[in-house]
Amino acid sequence: VQLVESGGGLVQPGGSLRLSCAASGFTFSNYAMRWYRQAPGKVRELVASISSGGGSTNYGDSVKGRFTISRDNAKNTVYLQMISLKPEDTAVYYCYTYYFRDYWGQGTQITVSS
C-alpha cells in the first residue's frame, strides 16, 4: 500500500489549495479515506473523511464550510479542496486509510502566511 500526497505549499491567508493523494496497492474503491493534519506541537487531528463510494463525508469542526473532500475511484485518488485558508491551517497534511492496518502518506506541508 502506498499513499502519496501532493499539492502543498505556501499560501496567503484567504487563499486556496487542493491536495491530492494517489493510492496504490489495494482496491481503492472499497475503502474509506481520510485526511489528517498535524501542526507543530499539536496532536494529529482528523480533517475530513470520505466513504468508499464518496457518498458520505465528514469534517472536523475547524474546517467545516471551507474544506471539501472528494475522490475519483477511477484514478485511485482522494482530494482535499481548501478555501479561505487561515494561518491556523498551517500543518503537515496526511492521507490515511485502514487496510488491515493503518497506512499513512508521507505528508505534505501547508503554510498559510502573508
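Above: the structure in question.
Figured I'd write up the structure that's included with this text. (Residues numbered from 1 in each chain as written. Predicted model: local features only at pLDDT ≥ 70, side-chain atom pairs only at ≥ 80, totals over all residues. Heavy atoms only, no water.)

**Some details on the pairing of strand β5 (residues 45-50)**
As paired elements, strand β4 (residues 33-38) and β5 share 5 bridges and run antiparallel to each other. Looking across to β5, one finds that W35 is bridged to A48. The turn joining β4 and β5, which pair antiparallel and follow one another in sequence, is formed by 6 residues; a positive phi near 75° is taken by G41. Taking the residues that link successive antiparallel strands as the turn, the β5-strand β6 (residues 57-59) hairpin has 6 residues, and the phi of G54 there is positive, at about 90°. (Pairing = 2+ DSSP bridges. Helix = DSSP H or I, 4+ residues; strand = E, 2+ residues; numbered from the N terminus.)

**Topic: the state of the cysteines**
Scanning the model with the defined rule gives 1 disulfide in all. Shown here is the disulfide that connects C21 with C95, its sulfur atoms set 2.1 Å apart. Taking the torsion about the sulfur-sulfur bond, which here is approximately -85°, the covalent link between C21 and C95 counts as left-handed. Taken together, the residues span a long stretch of sequence, with C21 in strand β3 (residues 17-24) and C95 in strand β9 (residues 91-98) at a distance of 74 residues. (Disulfide = S-S within 2.5 Å.)

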